[in-house]
Amino acid sequence: MMEEVHPNSTIQRQQHDSSWCCSSSFILFTLFFAVVFFIAPLEISNVILWDDEVWIQIYGIDGMYNSGWCEAIESDPTRFIIEPVNARSAYVYVIFGCSLIVLGVLDLFALAKDEVEEERSAAVPSSTTPFFSEENAPTRRTQEADPNEDDEDDSLEHQDVLRAEDGRASSGLSYRNDRSSSSESLVSLDEEQCEQSRTSTSWVKVRNAVLQYPHITITNGLFNILHGLGSFWYHACQCPGGGTADAAGMLAVISFPLWLLPLQIVWKKSTWWTHLLSLLPVIGQSLLWILCWFVRIRLNFFVTFVVSLLIGLVPLTILYFYCWVNKSSEYGIRHTLKLPIYPMAVALFLSGYGCWVLDKNKTWCFKDFPLSLLQGHAFWHFLTCGALLLSYMLFRTEEIMEERPIEGRDTGVAE
């Protein structure tokens, strides 16, 4: 007998607590990591090389070009940071990347801790009482019982036999047959309950693919840092090298969900197959980033293609989970996603793209301080970074329930 249990009613094993990802200590450590290793060195370089024409010396004045953004109209090519607002707004990608690396490292420690606890609990004998045990079995007369009690019981039974003999004779039944019938009924009930105990299942919360494979988070964080540094380089120098670095990082980070979807679709538990699929985001992002350095690509076309593909594939994956996998008993697994995250991510990206267009055609263009701090392209950086964060959290916050047989239980049927 298969007893279905609601996923929220019998969770035997919880995912490790990840509430620290929003704690003040985590935020402070992430900011410290980003500032010390990336932001501070760039700002110190800007102070030292403020007007040394460093980019002109490297690329030559003919090797530089006007990026076409509003802030670049009256920019000074002798500066180390030619577009200060646009360049510094790229720090948000660096900070986000650092947070992912810290998060991935913490996931590694949490995973190792969980494995140690699992091994320790597996070594300790189970304290649960099996459903069919001597405590729960029907009481039976044994040879070790008190003989006086046996004699009293036998005399009473003999009297009952004499009083009921005529009634049993008329019905064609004997006392022995009554006891045999009662015993058979008890045995039949015991066998049914034992079979039910062996085949009953419960729903257990298991790790999703992102939590199970922290190298996915760490790699994505690394490419977000490269994207931020590439974008800074592009707006600081207005040079081809910076443009390539910006484009390579952009394609790598926006393609992240595309590489992770196959693993999410087939995920149930760790196997050699899922181990291989967990390398797909690492390989895919790396190949795209390297490809941009050696192959001249049309950035706008590729960004539009990848984003359009994701906007179509992610809803199809969600429908597959909720309309097929979760409703089918064949898979023995249920996916639960925080669905509002997806439309929020799409809305942030489209809003950022609107800012990008308005800045590009000079509709959004402030040249005088302090309004010059509100550059449309800078808002493109902020909003798209928010979209990248939400797209990652869509996968990270996924809850997965797996149907497993109950190994030890105190009652016959899980409530």
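For every chain, the first residue of the written sequence is number 1, and numbering continues from 1 along that sequence. For a predicted model such as this one, the threshold for reporting local features is a pLDDT of at least 70, and the threshold for listing and counting side-chain atom pairs is 80 or more; totals across whole chains, interfaces and linings nevertheless cover every residue. As a rule here, side-chain values come from all non-hydrogen atoms in the structure, and water together with hydrogens is ignored.

So, the nonpolar core
For step 1, the next point in the chain: What we call a nonpolar core is a set of buried Ala, Val, Leu, Ile, Met, Phe, Trp, Tyr and Cys residues that are connected through their side-chain atoms within 4.5 Å. Throughout, exposure labels follow a simple rule: accessible area from a 1.4 Å probe, protein chains only, divided by the maximum for the residue type, with under 20% read as buried, over 50% as exposed, and the rest as partly exposed. In terms of nonpolar packing, the biggest core is built from 75 residues, with W55, C98, F232, I254, L260 and L263 touching the most fellow members.
For step 2, the next point in the chain: Each residue touching W55, except ones within four places of it in the same chain, is listed here: G60, M64, R79, F80, I82, W233, A236 and C237. The contact criterion used is simple: two residues touch if any of their non-hydrogen atoms lie within 4.5 Å.

Describing the pattern of salt bridges
For step 1, the next point in the chain: Counted as salt bridges are all cases of a side-chain nitrogen of Lys or Arg within 4 Å of a carboxyl oxygen of Asp or Glu. By the definition in use, this model includes five salt bridges.
For step 2, the next point in the chain: D114 is paired through a salt bridge with R207; the nearest N and O atoms lie 2.9 Å apart. Separated by 93 residues along the polypeptide, D114 in helix 4 (residues 91-123) and R207 in the loop between strand 1 (201-206) and helix 8 (209-212) bring together distant segments of the chain. Like R207, D114 is buried.
For step 3, the next point in the chain: Among the salt bridges present, the one from K205 reaches E399, with a minimum N-O distance of 3.8 Å. Here the residue K205 occupies a position in strand 1, and E399 occupies one in strand 3 (residues 399-405), the gap between them amounting to 194 residues.
For step 4, the next point in the chain: By relative accessible area, which is 12% here, K205 ends up buried.
For step 5, the next point in the chain: Accessibility expressed as a relative area gives 29% for E399, which makes it partly exposed. In this text, helices come from DSSP runs of H or I with a minimum length of four residues, and strands from runs of E with a minimum of two, each type numbered from the N-terminal end.

Focus: the side chain of E83
For step 1, the next point in the chain: Structurally, E83 is set in the loop between helix 2 (54-59) and helix 3 (84-89).
For step 2, the next point in the chain: Salt bridges are absent for the buried E83, whose nearest opposite-charge side chain, K360, sits at 8.9 Å.
For step 3, the next point in the chain: In this structure the side chain of E83 is engaged in a polar contact, spanning 2.9 Å, whose partner is the side chain of H235. Only four residue types enter the tally: Lys and Arg on the positive side, Asp and Glu on the negative side; His and the chain ends are excluded. Within 3.5 Å is the distance limit for a polar contact, defined as a pair of N or O atoms, with the added protein rule that one can donate a hydrogen and the other accept it, and that residues adjacent in sequence qualify only through two side-chain atoms.

As for the state of the cysteines
For step 1, the next point in the chain: Two cysteine sulfur atoms make up a disulfide if the distance between them is within 2.5 Å. Tallied over the entire structure, the rule returns two disulfides.
For step 2, the next point in the chain: A sulfur-sulfur separation of 1.9 Å characterises the disulfide bridge that pairs C70 with C365. Around the S-S axis, the bridge from C70 to C365 shows a dihedral of about 80° and counts as right-handed. Of this pair, C70 sits in the loop between helix 2 and helix 3 while C365 sits in the loop between helix 15 (341-360) and helix 16 (376-396), and the two are 295 residues apart along the sequence.
For step 3, the next point in the chain: A residue is classified by how much of its surface remains accessible, and C365, at 22% relative accessible area, is partly exposed.
For step 4, the next point in the chain: Two residues share a disulfide in this structure: C237 and C239, whose sulfurs sit 1.8 Å from each other. Linking C237 and C239, the disulfide has an S-S dihedral of approximately -70° and is accordingly described as left-handed. For the pair C237 and C239, a shared accessibility class is recorded, and that class is buried.

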